[in-house]
Amino acid sequence: MTINTVPTQPIEGQVPGTSGLRKKVEVFADPGYLETYTQAIFNAIQPRGKELVLGGDGRFFNREAMQTILRMAAANGVARVIVGQNGILSTPAASHLIRKRAAFGGLILSASHNPGGPKGDFGLKYNIANGGPAPEDITDTIVACAQNIDAYYIANGEAPSLSTIGESQLGDMVIEVVDPVDDYAALMAELFNFTAIRSLIASGFTLRFDAMHAVTGPYATEILVNRLGAPAKSVLNGTPSEDFGGGHPDPNPVWAKPLFDLLHGPEAPDFGAASDGDGDRNMILGRDIYVTPSDSLAVLAANAHLVPGYAGGITGVARSMPTSAASDRVAEALGIEAFQTPTGWKYFGTLLDAGRATLCGEESAGTGSNHVREKDGLWAVLLWLNILAVKRQSVKQILTDHWAKFGRDYYSRHDYESIDSTAANALMSELKSNLAALPGQKAAGLVIKSAEDFAYTDPISGAATTGQGVILTYEGGARAMLRLSGTGTEGATLRVYLEQYAPPGAALDRDAQDALSAVIAATKAVARIPEHTGRDHPDVIS
Ligand code: VG1
Ligand code: CO
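It should be emphasised that the depicted structure is a prediction, and the values quoted were computed from it without experimental measurement. (Residues numbered from 1 in each chain as written. Chains lettered and ligands numbered in written order. Predicted model: local features only at pLDDT ≥ 70, side-chain atom pairs only at ≥ 80, totals over all residues. Heavy atoms only, no water.)

1. Digging into the environment of R281
Thinking step 1. The residue R281 is located in the loop between β12 (271–275) and β13 (282–286) in this model.
Thinking step 2. Sequence-wise, R281 and T400 are 119 residues apart; in three dimensions their C-alpha atoms are separated by 24 Å.
Thinking step 3. Look past the residues within four positions of R281 in its chain and what remains in contact with it is S112, H113, D250, P251, A274, S275, D276, S364, A365, K375 and G377.
Thinking step 4. At a separation of 3.3 Å, a polar atom in the side chain of R281 contacts the main-chain carbonyl oxygen of S364. (Helix = DSSP H or I, 4+ residues; strand = E, 2+ residues; numbered from the N terminus. Contact = heavy atoms within 4.5 Å. Polar contact = N/O pair within 3.5 Å; in protein donor to acceptor, adjacent residues only side chain to side chain.)

Written as structure tokens, this is what we have:
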């Protein structure tokens, strides 16, 4: 095979962040850009003679990128690439495939919930042999390799079509095209009682799953319709499109508003759910109720033992630090460990590998377990359905009972999007430099109890990370956290996470924004958000 050695442009300003590299399609499509980043990954991981999994969420530029990566894998001596048919694999399905096939790692082509299309975003991330996102030491090495590179290796000739299941060769490398859904559906059938869910649905229980024109369409159709007997109309927007139907495949009350409104309207089904671009996030709705991701994690932790895959109980629950404390209360009641990690699924990997945590969750609609090493949207939906099939109660009843027992952690996230990066950094550094002076101060009527810049030492690996965001606790059970997004591609996004605990016996059915009004006002004042950003209101409230 002939190998082309081509000089490349440097990659500027790359932030592997929580999930690989995300940029506008036009940046990735710039000659040499994708190639340089891919070569940097290969230089960092040294995949010669190894097996890799490859798949993506089907967004615009996936097909071209897939061809380039396959040709580069061949030129870099990869022995075998296991790829989803037509290049498709949801993120959790890719994680499962890496584990099932004991592959060396995997490359996932996705920008998750970011919009797709020629003007949208593209992304590439590397997952390690446990099926999870590469930890910081590896992403740091990739960054270093990307900065110190002068050539990439690419095989001549076209990579074979990915439309037919089976094996073919590209030079010495085997390309094995697999069904993207089969193995994943089989894993779900092992974890959950499909017979119980089937009979729930057969009894007249109605549901809608919104795939948001993204990767979960085929997965949801196979599992919910074909295997569990839900009518075909239960899957909405089930045909993936390269630009996600022009939408924003982020499963929250803002971007999945039609589903949210349906569940709050006169025609509401019993259950509603949605997933994101690459299938790792979930939104859960019941008739006339939205379940916050933080509450969802807590309810799932409290009820997981009802489901075959977790019948032996769970060992621990891990949540990212902006996620509410609701799951900690369940862990305490169950007498199991609770962990608070930085934002990003990669921090859960060691806890899952060590068996210290069974369930993990993030406030950003990511929930998952030790079955893979990524968050998993459809898994969360099926876990809810299995619990509903056992309890035969409404979502609202389950949540109301949960709050009555544990109290309610009122919760909301306020995002200030596309703000000026300099202003965003100034806000954070001013806040961080004031931390020591804050305890004891009063803001908008609330007394600040503590203020810290979150630092984390992994209890298994000992890896330490600092500067993960500011946590403010207030007297009276309120907490706020502020951090800048690592996944955006336009300016900066300031995320403000707000919670207020109401113990059992207190008013538990208030409007969340209303219940949070004091902590919202206090946090705005402490961080001087309007002064720095020029905005008085967030762009997205979820
Ligand atoms: C966001 C979420 C974070 C999540 C990350 C990747 O990051 O807040 O919880 O792990 O996206 O999820 P950030 O840095 O923008 O806040 V996904 O579904 O985009 O892979
Ligand atoms: Co995602």
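There is more to say after this.
2. Notes on the pairing of strand β4 (residues 80–88)
Thinking step 1. β4 sits mainly inside the fold: seven of its nine residues count as buried.
Thinking step 2. Relative to β4, strand β3 (residues 51–56) runs parallel, the two being bridged by five bridges. Considered in β4, the bridge of L52 is made with V81.
Thinking step 3. With five bridges joining them, β4 and strand β9 (residues 173–178) adopt parallel strand pairing. Bridge assignment links R80 to a residue of β9, and that residue is V174. (Buried < 20%, exposed > 50% of the residue type's maximum accessible area, 1.4 Å probe, protein only. Pairing = 2+ DSSP bridges.)

3. Structural notes on the sheet that holds strand β8 (residues 166–170)
Thinking step 1. Strands sit in the order β2-β6-β5-β3-β4-β9-β8 across an open sheet of seven strands; the sheet is mixed. If you trace the sheet from one side to the other, it starts and ends with β2 (21–24) and β8, each paired once. Between one strand axis and the next, the sheet turns by 20 degrees as a mean value, whatever way the strands run.
Thinking step 2. With four bridges joining them, β2 and strand β6 (residues 121–127) adopt antiparallel strand pairing. Counterpart to R22 in the pairing with β6 is G123. (Axes fitted to C-alpha atoms, helices over the stretch in contact; angles between N-to-C directions.)

4. Focus: the domain arrangement of the protein chain
Thinking step 1. Assigned domains of the protein chain: these are domain 1 (3–180), domain 2 (184–406) and domain 3 (408–541).
Thinking step 2. Interface of domain 2 and domain 3: buried area, both sides summed, is about 2200 Å²; carbon and sulfur atoms make up 58% of it.
Thinking step 3. For the pair domain 2 and domain 3, the number of links is two salt bridges.
Thinking step 4. D409 is the partner of R329 in a salt bridge, and the nearest nitrogen-oxygen pair spans 2.7 Å.
Thinking step 5. Scanning the region where domain 2 abuts domain 3 turns up 10 residue pairs in polar contact (both at pLDDT 80 or more).
Thinking step 6. Listing elements by their share of the side of domain 2 that touches domain 3, those giving two or more residues are α10 (293–303), α11 (326–334), β16 (337–341), α12 (349–353) and α14 (395–406).
Thinking step 7. In terms of residues, the side of domain 2 that touches domain 3 owes the most to one element, α14, which gives four residues.
Thinking step 8. Taken together, the residues of the side of domain 2 that touches domain 3 sort by class into 13 nonpolar, eight polar and six charged. (Domains from an automatic or database assignment. Buried area = accessible area lost by both parts, 1.4 Å probe. Salt bridge = Lys/Arg side-chain N within 4 Å of Asp/Glu carboxyl O. Nonpolar A, V, L, I, M, F, W, Y, C, P; charged D, E, K, R; others polar.)

5. Remarks on the site of ligand 1
Thinking step 1. If you check the shell around ligand 1, you find 20 residues, and the closest are S112, S364, S485, T487 and R495.
Thinking step 2. Split into classes, the residues belonging to the shell around ligand 1 amount to no nonpolar, 10 polar and 10 charged. (Near = heavy atom within 4 Å.)

6. Describing the sheet that holds strand β15 (residues 316–320)
Thinking step 1. Reading across from one edge, β16-β15-β17-β18 is the order of the four strands in this open sheet, with mixed pairing throughout. The sheet is open, and its two edges are formed by β16 and β18 (366–369), each paired on a single side. Pairwise comparison of adjacent strand axes, ignoring direction, gives a mean angle of 15 degrees for this sheet.
Thinking step 2. Where β15 lies against strand β17 (residues 359–362), three bridges are found, and the strand directions are parallel. Bridge pairing links R319 to G361 in β17.
Thinking step 3. The sheet contacts of α11 involve β15 and β16, and relative to β15 the element is tilted by about 165 degrees.

7. Considering the packing of helix α8 (residues 216–227) against helix α13 (residues 377–391)
The axes of two packed helices give the description: the angle between them and the distance between them.
Thinking step 1. Orientation of α8 relative to α13, taken along the N-to-C sense of each, is 25 degrees, at an axis distance of 11 Å. With respect to their mutual orientation, α8 and α13 come out roughly parallel. Crossing of α8 over α13 shows right-handed handedness. Residues T216, Y219, A220, I223 and L224 of α8 form the contact with α13, whose participating residues are L378, L382 and L385.
Thinking step 2. In terms of residue class, the contact of α8 with α13 is built from seven nonpolar, one polar and no charged. (Parallel < 35°, antiparallel > 145°, perpendicular 65-115°, else oblique. Left-handed = near helix turned anticlockwise from the far one by under 90°.)

8. Some thoughts on the coordination of the cobalt ion (ligand 2)
Thinking step 1. Of the protein atoms, only S112 (OG), D276 (OD), D278 (OD) and D280 (OD) coordinate the cobalt ion (ligand 2), at distances of 2.0 to 2.1 Å.
Thinking step 2. All donors of the cobalt ion (ligand 2) come from a single chain, and their spacing in sequence reads S-x163-D-x1-D-x1-D. Taken together, the positions of S112 in the loop between β5 (105–109) and β6 and D280 in the loop between β12 and β13 put the pair 168 residues apart, joining distant regions of the chain. For the pair formed by S112 and D280, the shared burial category is buried. (Donors = N, O, S within 2.8 Å, 3.2 Å for Na, K, Ca; no water.)

9. Section: the pattern of salt bridges
Thinking step 1. In this structure the tally under the stated criterion is 29 salt bridges.
Thinking step 2. Of the charged contacts in the structure, one is a salt bridge between R59 and D57, with a shortest N-O distance of 3.0 Å.
Thinking step 3. Residue class for R59 comes out buried when judged on its relative accessible area of 0%.

10. Here we look at the packing of aromatic side chains
Thinking step 1. This structure, assessed with the given rule, holds 10 aromatic pairs.
Thinking step 2. Judged by centre distance (6.4 Å) and plane angle (35 degrees), the ring pair of F205 and F271 falls under tilted. Within this pair, whereas F205 is found in the loop between α7 (194–202) and β10 (207–210), its partner F271 is found in strand β12, the two being separated by 66 residues in sequence. Note on accessibility: F205 and F271 belong to one class, buried.
Thinking step 3. Both rings, one in W345 and one in F348, keep their centres 4.6 Å apart while their planes meet at 75 degrees; by these two values the pair is edge-to-face. No difference in accessibility class separates W345 from F348, as the two residues are buried.
Thinking step 4. Of the aromatic side chains, those joined through ring pairs into one cluster are F28, Y33, F61 and F122.
Thinking step 5. Across from the ring centre of W403, 3.9 Å away, lies the NZ or CZ of R408, which sits over that ring. (Phe/Tyr/Trp six-rings, centres within 6.5 Å; stacked < 30°, edge-to-face > 60°. Lys NZ or Arg CZ within 6 Å of the ring centre and 35° of its normal.)

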